[in-house]
Amino acid sequence: MNEIRVLPQLTIVKASAGSGKTYFLTKTYVELLLSDSINYNDLRNILAITFSNNASIEIKEKIIKWLKDIYYGKNEAVREFSHLNISTDEIIKKAENIIDKILNNYSEFQVRTIDSFLTKIFKAEAVSFGYYGDFQILSRIDRFLHRSFEIFLNQLNESSELIDYIKKLIKLIEETLPADSTYLWNPTLRIFKMLKNLYSVVSKSNESFIENNIYEKIKLYLNEFEQAKDKLTEIANELYRAIQTHEKGFHKGSRLPKILEKIRNKDYSEILNASCQSLPLTKPSQEIKKLWESFKKAEATFLKYYSKTYCIPYLLIFISFYETLWKLKIREQKIFIDDINSLIRDRIDYLSIPEVYLKLGERIYHYLTDEFQDTSPVQWQNLKALIENSLSEGGSLLLVGDTKQAVYGFRGADYTIMADMISEANKPNHFPSVKAYKILNLYNNFRSGEKIIDFVKDFFQKKLKEYLQEESDKKHLFNKDKIPLPLRLSGLYECQQQVREDLKGIGFVKIEKIEYQEEKENTQKEALI
């Protein structure tokens, strides 16, 4: 890598498995510290962001190893930084000073997990979030959630508007239970599990969940649903009467007579379970054809608003529980670690970035992010404002990742953030202070044998592509070269790596098909018997 000379600079490194991404990131970190031509490169001005404590420890160890090897004058280490145009004696002295600074001011050696960094920002701005003095950040939240749920239930009484929605919710839960399941003796357990799952989703979202006009929207949906039902009933009556005068009537065995009869009696259950795609009538008149088209449109509108209103019991109960939970958090001065992202997200536009840095006690000018493909939208949203402020003052950003290795979608990570950044490299949208992003590819694989690399290339560029072309009916997802969207977005189709000389001709791949076997029902019960 050449020295960073033109700032601000934003570099995205596409680093496939085994390509030495940690080597690259730690070397860049040390280069920032050693360079004479980079401003604001003191230890406290540089932040490396990781996604696990173990990764943070590993990166710190490798940075220190770089510095120690330079200090001891090891030729290989000194040679790696020869492009800095610093004499050997001078670079050794610089490494010594940096090591002393790390030992004497270890807190300034900033290699942090993204949660740790955002938590530090939250603590600096705690008062503006409604937290004062000695508050507690909880990483294990089950007990607190359950206690909040018990308080929520105790606040309910027969006159509460929520009681009707809870009854509807219990009915919805019962409808989703398998036919052979046991009776739902304690529905609160399932309701709590549902609320807990919803909370997990909301806490990872990049959007504010509860809008100011949420109740007005719910009322609007309910009114529109009632209008859709009335319209469907009206057209069903007209269609039924028109068909009754038709000389041949319905086709034998058609579901439509039953569907229309139920709708005319304002029973819409049949339309949810069955539908007719075509008019079951021989030689229908023009009037009947028009009525049929109107009926299908009314049916589609009904189903749309049914879908929207179906979740209202869940939504209203969750909103009420959510409010109870937040009041308890504020009262007891406790906060969940997952809340920190959403709280910062809601206030980041109102925070003064220089003031945030002042409260942090340091000013970050250079950001290095590891495993960028595992960043969630809300985390990225919170970091962007801080990064743009640093870039606008001559800072830098290094993003290292591999969309092919994105495995944390279940925790809210979104690999398309990295894919979008790469696609806009020449016309940046996210960071106006940078005219263009620099894209680097680490092509060499230092870990795998040639046969393994060839297998991976063949599988993703040929076998999987051909399989998706044959099996997928979603042809709009293919580009002009017939490459499916998932392979393009994830970067799997661009899997290109060079093998080390000493690893050529070696490696072994075995594919074994494992048949799925359903677990026996009532396994626990059988074990007890």
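All values derive from a computational prediction rather than experimental measurement.

This part covers the pattern of salt bridges. For the coordinates displayed, the defined rule picks out 24 salt bridges. The partner of K196 in a salt bridge is D142, and the shortest N-O contact between them spans 3.0 Å. Here K196 is found in helix α8 (residues 187–204), whereas its partner D142 is found in helix α6 (residues 142–154), with 54 residues between them in sequence. Residue K196 is classed as partly exposed on the basis of its relative accessible area of 30%.

What follows is about the nonpolar core. Ranked by internal contacts, the top residues of the largest apolar core, which has 73 residues, are L10, F122, Y367, W380, L397, M421 and F431. With 11 residues, helix α13 (residues 312–332) is the single largest residue contributor to this core. With sequence-adjacent residues up to four places away left out, W380 is seen in contact with F372, T375, I387, L397, L399, I417, M421, H430 and F431. If you look at the next biggest cluster of nonpolar residues, it comprises 34 residues, including F24, L33, V78 and L368.

Do not read the predicted coordinates in detail wherever pLDDT is low. Averaged over every residue, the pLDDT of the protein is 84; residues scoring 70 or more account for 89%. When the criterion is pLDDT under 50, residues 520–529 qualifies, and its contacts beyond four places in sequence or with other chains add up to three contacts.

What follows deals with α8. Helix length check: α8 (18 residues) gives 26 Å between terminal C-alpha atoms against 26 Å at 1.5 Å per residue, within 8%. Of the residues making up α8, those classed as buried are P187, I191, F192, M194, L195, Y199, V202 and S203. Taken end-on, α8 shows its buried residues confined to a sector of 165 degrees, consistent with a single buried face. Exposed side chains of α8 directed beyond 90 degrees from the buried face belong to L189, K193 and V201.

This paragraph deals with the pairing of strand β7 (residues 396–401). Counting buried positions over the six residues of β7 gives six, a clear majority of the element. Residue alternation in β7 divides its side chains into two sets, S396, L398 and V400 and L397, L399 and G401, and both sets are buried. Pairing of strand β6 (residues 366–369) with β7, which is carried by four bridges, proceeds in the parallel orientation. Across the sheet, residue L368 finds its bridge partner in β7, namely L398. Where the polypeptide runs from β6 across helix α16 (residues 377–391) and back to β7, its parallel neighbour, the crossover connection is right-handed.

Thresholds applied
Residues numbered from 1 in each chain as written. Predicted model: local features only at pLDDT ≥ 70, side-chain atom pairs only at ≥ 80, totals over all residues. Heavy atoms only, no water. Salt bridge = Lys/Arg side-chain N within 4 Å of Asp/Glu carboxyl O. Helix = DSSP H or I, 4+ residues; strand = E, 2+ residues; numbered from the N terminus. Buried < 20%, exposed > 50% of the residue type's maximum accessible area, 1.4 Å probe, protein only. Core = buried A, V, L, I, M, F, W, Y, C linked by side-chain atoms within 4.5 Å. Contact = heavy atoms within 4.5 Å. pLDDT = per-residue confidence, 0-100. Expected span 1.5 Å × (residues − 1). Arc of directions from axis to C-beta. Pairing = 2+ DSSP bridges. Right-handed = clockwise from strand over helix to strand, strands pointing away.

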